[in-house]
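Take a look at the letters that make up each chain.
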Amino acid sequence: MRGIETAYDDYEGRGAPVVLLHGFPFNRSMWREQAASLAPRHRVVTPDLRGHGETTVTDEPATMEEMADDLAALLDELGIERAVVAGLSMGGYVALAFCRKYPERVSGLVLADTRATPDNEDGKRTREETARRALEEGMGPIADAMMPKLLAPATLERSPRTVARVREMILGTEPRGAASALRGMALRRDQTDLLPRLQAPALVLVGSEDSLTPPSDAEAMHNLIPDSRLVVLDGAAHVSNLERAEEFNLAVREFLDGLGVLEY
Ligand code: MLT
């Protein structure tokens, strides 16, 4: 497929399909709790995005548009015409790129701990430095630098299993894959103008302590999307689906129930 093999899990529930797109530099295993919660009523598909998990690593920048095209090809392969597309952080960037390219294929949108705006010049420089560091030194220093930003202090102190799981995902990512995603994220366009034109209903989720994509980014998206609901997850930081899995799942389930798209 498109010169790459996309690894994915397909939890074959009977209802409308839901695709879950992971953040950087994670993989599809981050969605285990969400898949378990949603699969009885939905067909849940969790791909590893290009360069992550078990999906092929490519060296050129992995743009959000390219990852959106990878998703479209995967949905074609699975015979899925329309889906609810949910993305956390980088997964949200990909979800927005997918909405712009394939609006007719989106029956609902979940944007978790993400933003519509692009990187500024400082941000782009940091991405390039991080990409080089990953290539030269591996993922250890990237994990050390990211962990305190990804998880809330209370999670870091009291949830050793979540901490270990996030660290393990980062360390399991190929440095080449991480570098190509960082360079792709640096190239991403501003999606703000897309938000008022979104036809599909949206759920915007954010951890109250997310400093990477703070609640103000979530509110800004929520205010621009015509049919949108905002849920702030108290005490979570950036990886809110793991830090507040039950509340996250409840918000997504309620959103899906409200869509009335159980048939496909
Ligand atoms: C992510 O969690 O996907 C990243 O923090 C996104 C980013 O670096 O912009």
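Up top is the structure these notes are about.
Everything numeric here is computed off the predicted structure, so don't read it as measured data. (Residues numbered from 1 in each chain as written. Predicted model: local features only at pLDDT ≥ 70, side-chain atom pairs only at ≥ 80, totals over all residues. Heavy atoms only, no water.)

1. Details of the overall build of the protein
Here is the rule: Strands here are runs of E lasting at least two residues and helices are runs of H or I lasting at least four, both read from the DSSP assignment and numbered beginning at the N terminus. Atoms counted for the radius of gyration: C-alpha only. Globule rule: 2.2 Å times the number of residues to the power 0.38. Using a 1.4 Å probe, accessible areas were evaluated by the Shrake-Rupley method; residue-level cover was limited to the displayed protein chains. For the purpose of counting charges, residues Lys and Arg are taken to be positive, whereas Asp and Glu are taken to be negative. His and the chain ends are not included. Every charge is mapped to an atom, namely NZ of Lys, CZ of Arg, CG of Asp or CD of Glu.
The helix and strand inventory of the protein stands at eleven helices and seven strands. In terms of overall dimensions, the protein is globule-like: its C-alpha atoms have a radius of gyration of 17 Å, near the 18 Å expected for 264 residues. Taken over the C-alpha atoms alone, the protein extends approximately 50 × 40 × 35 Å along its principal axes. Total accessible area computed for the protein in this model is approximately 11100 Å², and 48% of it derives from carbon and sulfur atoms. Of the charged side chains in the protein, 30 are positive and 43 negative; the average position of the first set lies 1 Å away from that of the second.

2. Observations regarding the pairing of strand 3 (residues 43–47)
We count it as follows: Categorising residues by exposure relies on relative accessible area from a 1.4 Å probe, with only protein chains included: less than 20% of the type maximum marks a residue as buried, more than 50% marks it as exposed, and the intermediate range marks it as partly exposed. In short, DSSP must find at least two bridges between two strands for them to pair. Handedness rule for crossovers: strands pointing away from the viewer, path from the first strand over the helix to the second running clockwise, crossover right-handed.
Of all the five residues making up strand 3, five are buried; the element is thus mostly covered by neighbouring parts of the structure. Residue alternation in strand 3 divides its side chains into two sets, Arg-43, Val-45 and Pro-47 and Val-44 and Thr-46, and both sets are buried. Alignment of strand 1 (residues 8–12) against strand 3, held across five bridges, turns out to be antiparallel. When the bridges of strand 3 are listed, Asp-10 appears paired with Val-45. Sheet topology places strand 2 (residues 17–21) next to strand 3; three bridges connect them, and they run parallel. Paired with Val-19 across the bridge in strand 3 is Val-45. Note on the crossover from strand 2 through helix 1 (residues 32–38) to strand 3: the handedness is right-handed.

3. Observations regarding the nonpolar core
The criterion, for reference: Take the buried Ala, Val, Leu, Ile, Met, Phe, Trp, Tyr and Cys residues and link them wherever side-chain atoms come within 4.5 Å; each set so joined is a nonpolar core. Contacts are residue-level and defined by heavy atoms, with any inter-residue pair within 4.5 Å sufficient.
Counting residues in hydrophobic clusters, the biggest one holds 85 residues, and the most contacted among them are Met-90, Phe-98, Ile-170 and Leu-205. When residues no more than four places from it in sequence are discounted, the contact partners of Ile-170 are Pro-25, Phe-26, Met-139, Ala-143, Met-146, Met-147 and Leu-150.

4. Some points on the packing of helix 4 (residues 121–137) against helix 8 (residues 175–186)
Note the threshold: All axes are obtained by fitting lines to C-alpha atoms, using only the stretch in contact for helices, and the reported angles, taken between N-to-C directions, cover 0 to 180 degrees. For classification, angles of less than 35 degrees are called roughly parallel, those exceeding 145 degrees roughly antiparallel, those between 65 and 115 degrees roughly perpendicular, and all remaining angles oblique. Each residue gets one label: Ala, Val, Leu, Ile, Met, Phe, Trp, Tyr, Cys and Pro are nonpolar, Asp, Glu, Lys and Arg are charged, and the others, such as Gly, are polar.
One can describe the packing of helix 4 onto helix 8 by two numbers: an axis separation of 8 Å at closest approach and a directional angle of 170 degrees. When the axes of helix 4 and helix 8 are compared, the pair comes out roughly antiparallel. Between helix 4 and helix 8, the contacting residues are Lys-124, Arg-127, Glu-128, Thr-130, Ala-131, Arg-132, Ala-134 and Leu-135 on the first element and Pro-175, Arg-176, Ala-179, Leu-182, Arg-183, Met-185 and Ala-186 on the second. Partitioned by chemical class, the residues of the contact of helix 4 with helix 8 number eight nonpolar, one polar and six charged.

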